[in-house]
Amino acid sequence: MFRIPTLTLVGRVAAEALAFAHMDTAVTQVGDPVDDDPSAALRRVHALYDLTARLAQATDLDQVARVVVEGVCAALGAPCCALYERCGPDALAMVASQGLAADTTARLQRIPLSSELPLTVAVREGRVFWLPTHASLLAAFPRLRDAETPTQFLQAVVALPLTVGDTNVGGLAFSFA
């Protein structure tokens, strides 16, 4: 299994989370853009500062992964989050998750990189996927119509590749109900 350099991962995930938290198109509920409420923005900033402080105290990859999924979910209001690392050239392996049912977590422990899922495509192509509605998710990934994951957890999805240098070493996916 490929182990992501912890400090590089910390910087990359924190940067991606900060960038996403400041996107104008961020979603807190299905189809509702984040409003300009200064108190909501302040809550997100405080959650991200807390994430940064907790990351600074993490001493190994498993702690970093746990802090990332908990912190990103809290900062962005995402009920589900999963962090994956590249497991050889052809697969992703789950490092940590939050908000997923036990059977879903077990089923998604290892994902073939050839799968047509937002996260696998994000990692393969090295680009962020932001699918703000269930309709946009199904338009981009029609096979998800038959997904075992309950649709209430697939209303909006974000998938971020995690890159060290020029290499995609994993990915972070979160969904909004």
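Above: the structure in question.
This is a predicted model, so every value here is computed, not measured.

### Focus: helix α5 (residues 118–125)
Okay, step 1: When you tally the buried positions in α5, you get 6 out of 8 residues, the bulk of the element.
Okay, step 2: When α5 is considered as a whole, its buried residues turn out to be Pro118, Leu119, Thr120, Val121, Ala122 and Val123.
Okay, step 3: Of the residues trailing α5, glycine 126 is marked for its positive phi of about 65°.

### Regarding the side chain of asparagine 168
Okay, step 1: With respect to the helices and strands, asparagine 168 occurs in strand β8 (residues 167–176).
Okay, step 2: Look at asparagine 168 and you get buried, because its relative accessible area is 14%.
Okay, step 3: Those residues in contact with asparagine 168 that lie beyond four places of it in its chain are Arg86, Val123, Arg124, Glu125, Gly126, Pro161, Leu162 and Thr163.

### Section: the pattern of salt bridges
Okay, step 1: Tallied over the full model, the rule gives 4 salt bridges.
Okay, step 2: Ionic pairing is found between glutamate 70 and arginine 66, a salt bridge with its closest N-O pair at 3.7 Å. Highlighted residues: glutamate 70 and arginine 66, both in helix α3 (residues 61–76), separated by 4 residues, approximately one helical turn.
Okay, step 3: Exposure remark for glutamate 70: the relative accessible area of 26% places this residue in the partly exposed category.
Okay, step 4: Using a relative accessible area of 32% as the deciding quantity, one classes arginine 66 as partly exposed.
Okay, step 5: Across the salt bridge formed by arginine 127 and glutamate 125, the nearest N and O atoms sit 2.6 Å from each other.
Okay, step 6: When salt bridges with common partners are traced through the structure, they connect Arg54, Arg66 and Glu70 into a single cluster.

### Re α3
Okay, step 1: Helix length check: α3 (16 residues) gives 22 Å between terminal C-alpha atoms against 22 Å at 1.5 Å per residue, within 8%.
Okay, step 2: Within α3 the residues assigned to the buried category are Leu61, Val64, Ala65, Val67, Val68, Val69, Gly71, Val72, Cys73, Ala75 and Leu76.
Okay, step 3: If you check the start of α3, you find a side-chain oxygen 3.2 Å away from the backbone N of aspartate 62, and it comes from aspartate 60.
Okay, step 4: At the exit of α3 stands glycine 77, carrying a positive phi of roughly 70°.

### Considering the environment of leucine 83
Okay, step 1: Tracing the backbone through its elements, the reader meets leucine 83 in strand β3 (residues 80–86).
Okay, step 2: With 17 residues separating them in the primary sequence, leucine 83 and arginine 66 have C-alpha atoms 8.9 Å apart.
Okay, step 3: Residues contacting leucine 83, with those up to four places away along its chain left out, are Ala65, Val69, Ala93, Met94, Val95, Ala96, Leu162, Gly171 and Leu172.

### Considerations on the nonpolar core
Okay, step 1: If you look at the biggest cluster of nonpolar residues, it comprises 29 residues, and the most contacted ones within it are Val72, Cys81, Leu83, Leu172, Phe174 and Phe176.
Okay, step 2: Among the elements that take part in this core, α3 stands out by supplying 10 residues, more than any other.
Okay, step 3: Within the second largest apolar cluster, 19 residues are counted, among which are Val121, Phe141, Leu144 and Ala159.

What counts, and at which threshold
Residues numbered from 1 in each chain as written. Predicted model: local features only at pLDDT ≥ 70, side-chain atom pairs only at ≥ 80, totals over all residues. Heavy atoms only, no water. Buried < 20%, exposed > 50% of the residue type's maximum accessible area, 1.4 Å probe, protein only. Helix = DSSP H or I, 4+ residues; strand = E, 2+ residues; numbered from the N terminus. Contact = heavy atoms within 4.5 Å. Salt bridge = Lys/Arg side-chain N within 4 Å of Asp/Glu carboxyl O. Expected span 1.5 Å × (residues − 1). Polar contact = N/O pair within 3.5 Å; in protein donor to acceptor, adjacent residues only side chain to side chain. Core = buried A, V, L, I, M, F, W, Y, C linked by side-chain atoms within 4.5 Å.

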